[in-house]
Amino acid sequence: MSTNALRRSGGAGQSGDKIFSGASLAAGCLILAALLSVAVFLIKEALPVFGADPADITGGAGFFTYIFPIVLGTVIAAAIALLIATPLGIGVALFISHYAPRRFAQGLGYVIDLLAAIPSVVYGAWGYAVLAPQLAIAYAWLAANAGWIPIFEGPASQTGRTMLTAGIVLAVMVLPIITSLSREIFLQTPKLHEEAALAMGATRWEMITMAVLPFARPGIISAAMLGLGRALGETMAVALVLSGGALTASLIQSGNQTIAAEIALNFPEAYGLRLAELIAAGLVLFVITLAVNIIARWIISRHKEFSGAN
């Protein structure tokens, strides 16, 4: 290639780099602007609540008393979903990436990915019509035999529409996210690390614990946090499955509520101060989600030193 041709190709490459860099910067700024505009809107619309008479707030005891139970319900539902979906998702991802035959693994991966395309209202209808009635039988047994444990204290819900049911439905919904991301991270494990572990006499499971899981730890945390973000903000599925009510420690009784479901169920008829209350609840959910992402980034930054490049 001549010198002139090299100069022309180098100039074209520099122009492409500048265009891509500018487009990436513009996209990043647009995301920050959208995030800022949402925060400004929520704060502006929620201000009347913080200056209102506590007796005028739903419940008659102030905004904190109103919001605390549904914040706790939101965290409980998301925690149940994460406790169920994270180990199950990691197990399925490991099976697809390191145990299943390649053809079968590819098809199973497509099926898992398809679960993410199902609308949340379908999950909610399934939980309401199919899962809840079946779980009601198990809840009655738990109340009779393990009722001394506060989370299984009776009387059990006759309909099965409880916080535990909502958590199980959320677990099914976030499972594709955790599984897909974990699978991709497992497949990126350097083959040299895996082969070195096997050459030292490690079994397949020992190789996974020594080479695959340490390498994938930041990715697993990221996948879990993404799943947690969806579980925190899920609306229709929880609204259909959960029979809302007062805060209770029992997971098998009717009661409890989440912020997203509270907004979805009451927003259409809300006006005035009640509308401001729901927007303030959305602001609280916004802050919780932002805090979860910040904590996740901090955790990932602490464990990113182990990677394929290292």
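Scoring rules and cut-offs
- Residues numbered from 1 in each chain as written.
- Predicted model: local features only at pLDDT ≥ 70, side-chain atom pairs only at ≥ 80, totals over all residues.
- Heavy atoms only, no water.
- Axes fitted to C-alpha atoms, helices over the stretch in contact; angles between N-to-C directions.
- Helix = DSSP H or I, 4+ residues; strand = E, 2+ residues; numbered from the N terminus.
- Left-handed = near helix turned anticlockwise from the far one by under 90°.
- Contact = heavy atoms within 4.5 Å.
- Nonpolar A, V, L, I, M, F, W, Y, C, P; charged D, E, K, R; others polar.
- Phe/Tyr/Trp six-rings, centres within 6.5 Å; stacked < 30°, edge-to-face > 60°.
- Buried < 20%, exposed > 50% of the residue type's maximum accessible area, 1.4 Å probe, protein only.
- Bend = angle between axes of the 7 residues up to and from the residue.

Caption draft 1: Structural view of the packing of helix α2 (residues 63-99) against helix α7 (residues 204-233). Between α2 and α7, the least distance of the axes is 9 Å, while the angle of their chain directions is 145°. As α2 packs across α7, the resulting crossing turns out to be right-handed. Each of T74, A78, A81, L82, T86, I90, L94, H98 and Y99 in α2 lies in contact with α7, whose residues at this interface are R204, W205, M207, I208, V212, L213, I220, A224, G227, L228, A231 and L232. Of the residues that constitute the contact of α2 with α7, the class distribution is 16 nonpolar, 4 polar and 1 charged.

Caption draft 2: Geometry of the packing of aromatic side chains. Summed over all chains, the structure comprises 4 aromatic pairs. The interplanar angle of 50° and the centroid separation of 6.1 Å between the aromatic rings of F63 and Y66 together place this pair among those described as tilted. Residue F63 and its partner Y66 are both found in helix α2; the two are separated by 3 residues, about one turn of the helix. Residue classification places F63 among the buried positions, given a relative accessible area of 12%.

Caption draft 3: View of helix α4 (residues 120-145). Most pronounced at L131, the bend in α4 amounts to some 45°, and the proline P133 follows within four residues. Three or more residues of α4 are buried, namely S120, Y123, G124, G127, L131, A132, L135, A136, Y139 and L142. Tucked into the core, α4 has its buried residues touching α3 (102-115), α5 (163-187), α7 and α8 (236-241).

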